[in-house]
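# Structural characterization, general
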Amino acid sequence: MQTIPLGVSSLHSSRLAYGCWRLAGTWNPAEVTAEGRAAGRRAVITAYEAGYTLFDNADIYCQGEAERILGAALKEVPELRQRVVIATKGGIRPAGDPQAGAPARYDFSAQHLVRACEQSLQRLGIETIDLYMLHRPDYLADPTEVAQAFSQLKDAAKVCYFGVSNFRPTLLTALQAACPMPLVVHQVEISLAKLDAFTDGTLDQCLVENITPLAWSPLAAGLIGAGASRLLPSQKAYRPEKFFPALDAVARARGTSRIVVALAWLLLHPSKILPIIGSTNPDRIQEAATAVELELTREEWYQLLIAARGEPLP
Ligand SMILES: NC(=O)c1ccc[n+]([C@@H]2O[C@H](COP(=O)([O-])OP(=O)(O)OC[C@H]3O[C@@H](n4cnc5c(N)ncnc54)[C@H](OP(=O)(O)O)[C@@H]3O)[C@@H](O)[C@H]2O)c1
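This report concerns the structure included in the present document. (Residues numbered from 1 in each chain as written. Predicted model: local features only at pLDDT ≥ 70, side-chain atom pairs only at ≥ 80, totals over all residues. Heavy atoms only, no water.)

### Observations regarding the sheet that holds strand S8 (residues 129-134)
Here we have 8 strands rolled up into a closed barrel, ordered S3-S4-S5-S8-S9-S10-S11-S12, and parallel in their pairing. Each adjacent strand pair in this sheet contributes to an overall mean axis angle of 30°, direction not counted. Taken together, the 5 bridges between S8 and strand S9 (residues 159-165) define a ladder with parallel strand orientation. Among the inter-strand pairings, Ile-129 is bridged to a residue of S9, identified as Val-159. (Pairing = 2+ DSSP bridges. Helix = DSSP H or I, 4+ residues; strand = E, 2+ residues; numbered from the N terminus. Axes fitted to C-alpha atoms, helices over the stretch in contact; angles between N-to-C directions.)

### Observations regarding the packing of aromatic side chains
This model, assessed by the stated rule, comprises 11 aromatic pairs. When the ring of Phe-108 is compared with that of Phe-167, the centres are 6.3 Å apart and the planes differ by 15°; the resulting orientation is stacked. Residue Phe-108 is found in the loop between strand S7 (105-106) and helix H4 (110-124), and its partner Phe-167 is found in the loop between S9 and helix H6 (169-178); the two are separated by 59 residues along the sequence. Given a relative accessible area of 6%, Phe-167 falls into the buried group. With a centroid separation of 5.9 Å and 90° between ring planes, the pair formed by Phe-243 and Phe-244 is classed as edge-to-face. (Phe/Tyr/Trp six-rings, centres within 6.5 Å; stacked < 30°, edge-to-face > 60°. Buried < 20%, exposed > 50% of the residue type's maximum accessible area, 1.4 Å probe, protein only.)

### A word on helix H11 (residues 282-289)
All of the buried residues along H11 are Ile-285, Ala-288 and Ala-289. Take H11 and look down its axis: the buried residues cluster within an arc of 105°, on one side only. (Arc of directions from axis to C-beta.)

Take a look at the structure:
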């Protein structure tokens, strides 16, 4: 698969990334089975063999199980670690952590970030995380304290590069002003069903500051494909059926599938959006990879934008 640099870093990623959120087959760690873990490892290895070289994870994905499964795959295929970018996220704390009654919340205190990162390293079974992201903005985040945590992690060679996720552009600017190192990626939800990043300044900022946008749920968690097994609450209101006729028309004309066109639509944007594929099905992981071969025309791109907006452009 073609590769691109991540922001101003020395890291390179395949044009599509692989997402580990669903690797355990459940969000409840008590329900994870040996078969589920094996299927998760198979999905990672299929993605690697299909050319994906960025693996996106987070400490909260199945409460650490997704990082453990990725770690087990790294052990199973020894050359994998050297050939891929390992990305993970921290800064969200589940309810009951550290004591009963504590609410689910965000925590960018230096103490929590350093500890969370060290625990991710342990679960992944690696020495250094290539790319560490703040998962969702902490209302109480102090940019100076975050910068201090980042410097500590970088100086200890526990993390190479940093990024953010689900930030407002202004908050990214505030954090960057405090950080001695560049923030190289911004991970946000982008798909034909979720267009905000095109108009809220997120992608403009990525272009200006050479930050690579990573698109989570690029198929609207499966709604644009064969259906979604698990949706986030905010995704339950999506109605992608309204743009299926336009998507299917382009897919028919190009001799490919709806999901390949939906991914190619993201790839055409000049900010070099990097979609994160979330399927655990080997055939679908391979099918998604073919999107990098499809270059849509401007006319096709706008046809799909207009269908997704549900109204003509002004
Ligand atoms: N930063 C954040 O806040 C955040 C939030 C959410 C996700 N993420 C990241 O983004 C990644 C991707 O998110 P996502 O899983 O919602 O992405 P997605 O690719 O939009 O959706 C994947 C889901 O779609 C289903 N699907 C149905 N038909 C499909 C088809 N034809 N091709 C591919 N998938 C199809 C998959 O099921 P099968 O497995 O059965 O194929 C899977 O359940 C995550 O793994 C995670 O790394 C980040």
